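An overview of the molecular structure
One letter stands for each residue in the lines below.
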Amino acid sequence: MADKKLNLNDFYQMKQNGEKITWITAYDYPMASFAQQAGIDMILVGDSLGMLVYGYSGTVSVTMDECIIHCKAVRRGAPDVFVVGDMPFGSYHTSDSDAVFNAVRFIKEANVDAIKLEGGQRVASKIKAISDAGIVVIGHIGLTPQSSAALGGFKAQGRTAESAEALINDAIAVQNSGAKMLLVEAIPPELAKAIKQIVNIPLLGIGAGADVDGQVMICGDILGYFEAFTPKFVKKYANLGEVIIKAIKDYIEDVKNVKFPAKEHTYSILPEEKTKFDAMLKKYIK
Ligand code: KIV
């Protein structure tokens, strides 16, 4: 468990020492605070918030303003954790200067420590422009949910020699453009292992096996409160959905049966006011 806020140097040192980096998504103050208390190394305010928080069917409609609002809440909940803002679809695609403008918003308005964006060679100039502005960029290749339509759905990537080679070239392009870390999603472990041998920056994985420098998971997946779909690569550590439904059912039952609120949940009239209070009530209730 981290006893101080970690920075980029710490992550490079962890990679060097073979110590795994732990990363989880959070979108609000309480989850960020729980993650910090648990000792997580990094938090991602993923654009997965579109599905987890707003109930959209994917990530493409998530806006910059939504991302900033959630980054601010997470920053307040986890002041001592390395927080990464996720650049939403459209915020870095139009031009290098738009990419820098929006990355700067994450830093200035939400005080995050780094930004993440999706894509390899095709976004190399954006990674370079944002890095040149002094902002820590984390690349994201493999299954990139913002381009799931172009990828033919939420499918594992790099399963043929040709597509694996394209991903290796993407990884190299991301590193050469100035990204300080790289996330690979839904690719075979053998390919992730090869990418780890080819690039020098810390390699994080989601659905990419254990032979990477660290793992990221979506909080709603591992805690069991996101029910729309669960990818194969998720391990559930809790079933908060069940816990929450049971608690709300118990509350409903207690209210219906007048078991809640009980005396201990109420406030009393001040003892020295009781006589005056009863006299006052007589004016209204005969
Ligand atoms: O938005 C997100 O939560 C992500 C994860 C897939 C890591 O990018």
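The following refers to the structure shown. (Residues numbered from 1 in each chain as written. Predicted model: local features only at pLDDT ≥ 70, side-chain atom pairs only at ≥ 80, totals over all residues. Heavy atoms only, no water.)

This part takes up unusual backbone geometry. The linkage connecting phenylalanine 260 with the following residue, proline 261, adopts the cis geometry, with an omega of 0°. Tracing the sequence through the fold places proline 261 in the loop between α11 (240-256) and α12 (274-282). Although it is not a glycine, asparagine 111 adopts a positive phi angle of roughly 55°. When you line up the elements, asparagine 111 lands in the loop between α5 (96-110) and β4 (114-118). Classification of asparagine 111 as partly exposed rests on a relative accessible area of 49%. The phi angle at valine 258 is positive, at roughly 50°, despite the residue not being glycine. Mapped onto the fold, valine 258 is located in the loop between α11 and α12. (Helix = DSSP H or I, 4+ residues; strand = E, 2+ residues; numbered from the N terminus. Buried < 20%, exposed > 50% of the residue type's maximum accessible area, 1.4 Å probe, protein only.)

Strand order in this closed barrel of eight strands is β1-β2-β3-β4-β5-β6-β7-β8, and the pairing throughout is parallel. Strand-to-strand twist in this sheet, taken as the mean axis angle between neighbours without regard to direction, amounts to 25°. One ladder, built from four bridges, connects strand β2 (residues 42-45) with strand β3 (residues 82-86); its direction is parallel. Residue pairing for β3: valine 45 is matched across the bridge by glycine 85. (Pairing = 2+ DSSP bridges. Axes fitted to C-alpha atoms, helices over the stretch in contact; angles between N-to-C directions.)

Okay, the pairing of strand β5 (residues 137-142) next. For β5, the tally of buried residues reaches six of six residues, placing the bulk of the element in the interior. The two faces of β5 match: Val137, Gly139 and Ile141 on one face and Ile138, His140 and Gly142 on the other face are all buried. The pairing of β4 with β5 spans four bridges and is classified as parallel. Within the sheet, the bridge partner assigned to isoleucine 115 lies in β5 and is valine 137. Handedness of the crossover joining β4 and β5 through helix α6 (residues 124-132): right-handed. The pairing of β5 with strand β6 (residues 181-185) spans five bridges and is classified as parallel. When the bridges of β6 are listed, isoleucine 138 appears paired with methionine 181. (Right-handed = clockwise from strand over helix to strand, strands pointing away.)

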